[in-house]
Amino acid sequence: MVKVADVVDKLNARVICGSCDMNQEIQFGFASDLMSDVLTIDTENLLLITGLNNLQTIRTSEMSDISFILFVRDKKATEEMKELACENEITLLECGHSMFRACSILNEIGLQPVY
Amino acid sequence: MEFKFTIEGGNFSKAGSASSEVKKILKQLNVNPKIIKRTVVSLYEAEVNVVAHAFEGNMNVDIDTDKIVVKIEDKGPGIPDIDQAMQEGYSTATPQVREMGFGAGMGLPNIKRNSDQMNITSKVDVGTEVEIINYLG
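On a predicted model such as this, the values are computed, not experimentally measured, just so you know.

S.K.: Looking at this model, I keep getting lost on the overall build of chain A. Mind explaining?
M.R.: Secondary structure assignment for chain A yields five helices and eight strands. Mapped in sequence order, the helices and strands of chain A form the string β-α-β-β-β-α-β-α-β-α-β-α-β. Computed over C-alpha atoms, the radius of gyration of chain A comes to 12 Å, within 12% of the 13 Å expected from 2.2 N^0.38 for 115 residues, which places it in the range of a compact globule. Looking at the 115 residues of chain A, the share that counts as buried comes to 45%.

S.K.: Quick question: what am I supposed to make of unusual backbone geometry here?
M.R.: The general pattern is negative phi for most residues beyond glycine and trans for most peptide bonds. Residue and element names in this part refer to chain A. Of note, Arg 73 is a non-glycine position whose phi angle comes to about 55 degrees, a positive value. Inspection of the secondary structure assignment puts Arg 73 in the loop between strand S6 (68-71) and helix H4 (79-87). Phi is positive for Glu 89, which is not a glycine, with a value near 55 degrees. Its 11 C-beta neighbours within 10 Å are what place Glu 89 among the exposed residues.

S.K.: Please clarify how the interface of chain B and chain A should be interpreted in this entry.
M.R.: In many analyses, interface size is given as the accessible surface area lost on bringing the parts together. Contacts between the two partners involve 18 residues from chain B, matched on the other side by 16 residues from chain A. Secondary-structure elements contributing two or more residues to the side of chain B that touches chain A are helix H1 (17-28), helix H2 (33-53) and helix H5 (107-113) of chain B. Top element by residues in the side of chain B that touches chain A is H2(B). It accounts for five residues. Looking at the side of chain B that touches chain A residue by residue, the class counts come to nine nonpolar, seven polar and two charged.

S.K.: Just to check I follow, could you spell out the environment of A:Thr60 for this structure?
M.R.: Residue and element names in this part refer to chain A. Looking at where Thr 60 falls in the secondary structure, it is placed in helix H3 (residues 55-63). Sequence-wise, Thr 60 and Met 35 are 25 residues apart; in three dimensions their C-alpha atoms are separated by 6.6 Å. When near neighbours in sequence (up to four residues on either side) are disregarded, Thr 60 contacts Met 35, Val 38 and Leu 39.

S.K.: Please explain the nonpolar core as it appears in this structure.
M.R.: The biggest cluster of nonpolar side chains holds 64 residues, and the ones touching the most others in it are A:Leu47, A:Leu48, A:Ile49, A:Ile69, A:Leu70 and B:Leu43. In terms of residue count, the dominant contributor to this core is H2(B) (ten residues). The residues contacting B:Leu43, other than those within four sequence positions of it, are B:Ser19, B:Val22, B:Met59, B:Val70 and B:Ile132.

What counts and what doesn't
- Residues numbered from 1 in each chain as written.
- Chains lettered and ligands numbered in written order.
- Predicted model: local features only at pLDDT ≥ 70, side-chain atom pairs only at ≥ 80, totals over all residues.
- Helix = DSSP H or I, 4+ residues; strand = E, 2+ residues; numbered from the N terminus.
- Rg over C-alpha atoms; globule rule 2.2 N^0.38 Å.
- Buried ≥ 20, exposed ≤ 12 C-beta atoms within 10 Å, placed from the backbone.
- Contact = placed C-beta atoms within 7 Å.
- Nonpolar A, V, L, I, M, F, W, Y, C, P; charged D, E, K, R; others polar.
- Core = buried A, V, L, I, M, F, W, Y, C linked by C-beta atoms within 7 Å.

Laid out in structure tokens, this is it:
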């Protein structure tokens, strides 16, 4: 389990949307830029780690009950994405790390892979 | 209860809005969250298919006490070989669709996986109809 606060701290990330409880704990991580893959995951309490910054990233998370999205490689969420995320109580985070480095750090601090 | 939503072909900014409305309705009806997820994932895959491949479409939702039946019908190029389209990895998606994070040939198989019953009929140069049935019990 990893606290949102630890994700922010270890990755030097920013919470850009969502008034989430920083003590909330996340158990699993799944990294993909392919939303088709994300839609096959039925694990709960998941952080999606992605470099795909478009509306379908938010829609996919909405349908998959994913409450946390971390954008890597300094990808920026648009205002439209932020609005849709807020409407669906999805917390958005951004960081400048590559996906590989972000995953490596998150795994090190206790975030578990789905498979 | 019946609901009808329209789907615009090619408009990726709206893709998912019909499925999102269905999710809100199912939540209001206190449907089991696991069934909601299975249902809306399959609807969203079907909705994205209409946006990606067809000119226009409709999502017709019929919610009963024991099941939800959704028909997604579109006007579009149709599917010449449904068996081939059902194979994981087979895709005719454009680069634009792939940029959106789709087009890996996983949509139809994932609809099947997330529905209790799935029926698909298609006519080339006319359109495609996908029926998804999920039981609420």
